[in-house]
Amino acid sequence: MADGMFGLSKELERETAPVWDKVKDHVTPMEWPAQAALISEINALKKQRDAVILAHNYMTPEIFHGVGDYVGDSLGLAKEAAKSKAKVIVQAGVHFMAETSKILSPEKTVLIPDLRAGCSLASSITGADVRLIKQRYPGLPVITYVNTTADVKAETDICCTSANAVQIVEWAAKEWGVDRVILIPDEYLARNVAAQTTVGIIAWKGHCEVHKRFTVQDIADMRDAWPDAEVLAHPECPEEILRAADFAGSTAAMTDYVEQRKPKRVVLITECSMASNIKGDVPEVEFVGPCNLCPHMKRITLENIRDCLLNMQFEVTVPEEMAERARLAVQRMIDLPPPAVPARYDLIRARHHVDVELI
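The name recorded for the protein chain in an unreviewed UniProt entry is Quinolinate synthase, from Brevundimonas kwangchunensis. The record in UniProt for the protein chain states the following under Subcellular location (unreviewed entry): "Cytoplasm". Entered under Sequence similarities (unreviewed entry) in the UniProt record, the comment concerning the protein chain runs "Belongs to the quinolinate synthase family. Type 2 subfamily."

Structure follows, in structure tokens:
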């Protein structure tokens, strides 16, 4: 009987009330009845299928807060999936993330709700490209961002994230006994890492289409409109964006910054669903600023998550030999002690020009 809020049954209202409390600033009352029903159906299907859903920070709030069993960045999700006893993993993210989950959990069934959910950065480089790079720079360690395909990871010495890239660069240089390393494929991450270390960086011209679109003028406009807003930028942005920001750091570092400091007003220079998702946990903070959406992440919806579980469709696999080699690179990173705190990119040091060699 539909006698609850927004025409929901009392039972469905009770079941989804905690989710509504977190998404009500981003979901309209008109949308909510359909979304609440889907959330309930998906959570029931998870139990039937012995499945967990990994929800990336860039998922929309109803997915992130409504059906995500593990939420966070791509590597954090894959590590949690490997610990889980569930037989099925649904990757609410993009294709390379599902591959990483399969690499770390080869015995599990990994599904993605839409096989077309790709990534401009991951598609900027191939395993064949990496093999040619290694021929050009023999003896130098290859450090690859986790935002890459299994094919690329398989050609890699060690992976990194934006949270530990500086640490990995310095570790690899010491371990290999060299004064420069190859850091691919994100040019801007490489340039921003280069500003934090004395190790030489050889980089590739790959970019995230979301972070590449931000401009210094965007930040100037935000400061004019909201002079008291604190500007936080992700290191996948161009160097001039980081120089114009108040703080720069990984996804985890930005989240920690907001949750611990609780500034009155914040501009996040990253994919804008992240702001919506953090808002659910710190409702007292006002998030303002430009909204650049990732078109690939937005292919994932409640509807196709439901269909994915209902029909057990769109399985992601990685050839065994490729997965084994890629796993070595990912595991080598996991086995290193994590940074004491999520990585921050020192903006004072970053104001000094540091060259990289661009392949």
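Having seen the structure, we can now continue with the description.
Trainee: Would you take a moment to explain the overall build of the protein chain for this structure?
Mentor: Tallying secondary structure elements over the protein chain gives 16 helices and 13 strands in all. Relative to a compact globule of 359 residues, whose C-alpha radius of gyration would be 21 Å, the protein chain shows 21 Å and is just as compact. Projecting the C-alpha coordinates of the protein chain onto the three principal axes gives extents of approximately 70 × 55 × 30 Å. Taken across its 359 residues, the protein chain has 55% of its residues classed as buried. Sequence-distant contacts in the protein chain: of pairs separated by 6 or more residues, those separated by 24 or more amount to 64%.

Trainee: So what exactly am I meant to see when it comes to the sheet that holds strand S12 (residues 286–288) here?
Mentor: Across a sheet, paired strands are connected by hydrogen bonds in the backbone, their directions being either parallel or antiparallel. Reading across the sheet, the 4 strands line up as S10-S9-S11-S12 and stay open at both edges, with parallel pairing between neighbours. Sheet topology places strand S10 (247–248) and S12 at the edges, where each strand pairs with a single neighbour. Across 2 bridges, the pairing between strand S9 (residues 230–233) and S10 is parallel. Looking at the pairing, Ala233 lines up with Ala248 of S10. The strands touched by helix H13 (residues 251–261) within the sheet are S9, S10, strand S11 (265–269) and S12, with S9 carrying the most contacts at an inclination of about 155°.

Trainee: Would you mind showing me how to read helix H6 (residues 127–136) here?
Mentor: The α-helix winds at 3.6 residues per turn, so residues separated by three or four positions along the chain end up facing the same way. Within the sequence span of H6, burial applies to Gly127, Val130 and Ile133. Seen from one end, H6 has its buried residues packed into an arc of 110°, which puts them on one side. The exposed set on the far side of H6, more than 90 degrees from its buried face, consists of Leu132, Gln135 and Arg136. Buried residues belonging to H6 abut strand S5 (142–145), helix H7 (150–153) and strand S7 (180–184).

Trainee: Is there a simple way to explain the packing of helix H1 (residues 10–23) against helix H2 (residues 32–49) in this structure?
Mentor: When two helices pack together, their arrangement is given by the angle between the helix axes and by the axis-to-axis distance. It is at 10 Å that the axes of H1 and H2 come closest, and there the two elements cross at 115°. In this view, H1 runs roughly perpendicular relative to H2, as classed from their interaxial angle. As for how H1 packs across H2, the hand of that crossing is right-handed. Where H1 abuts H2, its residues Leu12, Glu15, Thr16, Val19, Trp20 and Val23 lie against Trp32, Ala36, Ala37, Ile39 and Ser40. Classifying every residue of the contact of H1 with H2 gives 8 nonpolar, 2 polar and 1 charged.

Trainee: In this structure, what is going on with the sheet that holds strand S3 (residues 88–92)? I would like to understand it.
Mentor: With parallel pairing, 4 strands are arranged side by side in an open sheet as S2-S1-S3-S4. Both outer strands of the open sheet, strand S2 (70–72) and strand S4 (109–111), are each paired with one neighbouring strand and no more. Taken pair by pair, the neighbouring strands of this sheet meet at an average axis angle of 20°, ignoring direction. In this sheet, S4 lies alongside S3 in parallel orientation, the contact comprising 3 bridges. Each residue of the ladder has a partner; that of Val90, found in S4, is Leu111. Across the sheet, helix H4 (residues 74–83) lies against strand S1 (51–56), S2 and S3, angled at about 165° from S1, the strand it touches most.

Trainee: Looking at this structure, how should I read the environment of Tyr345?
Mentor: Among the structural elements, Tyr345 can be located in the loop between helix H16 (320–335) and strand S13 (357–358). Given a relative accessible area of 3%, Tyr345 falls into the buried group. Between the C-alpha atom of Tyr345 and that of Gly93, which follows or precedes it by 252 residues, the distance is 26 Å. Apart from the residues lying within four places of it in its own chain, the contact partners of Tyr345 are Ser162, Ala165, Val166, Leu189, Asn192, Val193, Gln196, Pro235, Leu242, Ala248 and Gly249. Within the local environment of Tyr345, its side chain forms a polar contact with the backbone oxygen of Ser162, the two atoms lying 2.8 Å apart.

Trainee: What is the right way to look at the UniProt feature "binding site: [4Fe-4S] cluster" (unreviewed entry) in the protein chain in this model?
Mentor: The UniProt record annotates "binding site: [4Fe-4S] cluster" (unreviewed entry) at Cys119, Cys208 and Cys294. Look at the named residues: they lie 176 residues apart in sequence, but the longest C-alpha span between them is just 9.2 Å, so in the fold they bunch up. Once residues within four sequence positions are removed from consideration, Cys119 is found in contact with Val94, Phe96 and His296. Summarising the element assignment, Cys294 is placed in the loop between S12 and helix H15 (302–311).

What counts as what
Residues numbered from 1 in each chain as written. Predicted model: local features only at pLDDT ≥ 70, side-chain atom pairs only at ≥ 80, totals over all residues. Heavy atoms only, no water. UniProt positions renumbered as here; feature names shortened; annotations may be inferred. Helix = DSSP H or I, 4+ residues; strand = E, 2+ residues; numbered from the N terminus. Rg over C-alpha atoms; globule rule 2.2 N^0.38 Å. Buried < 20%, exposed > 50% of the residue type's maximum accessible area, 1.4 Å probe, protein only. Contact = heavy atoms within 4.5 Å. Pairing = 2+ DSSP bridges. Axes fitted to C-alpha atoms, helices over the stretch in contact; angles between N-to-C directions. Arc of directions from axis to C-beta. Parallel < 35°, antiparallel > 145°, perpendicular 65-115°, else oblique. Left-handed = near helix turned anticlockwise from the far one by under 90°. Nonpolar A, V, L, I, M, F, W, Y, C, P; charged D, E, K, R; others polar. Polar contact = N/O pair within 3.5 Å; in protein donor to acceptor, adjacent residues only side chain to side chain.

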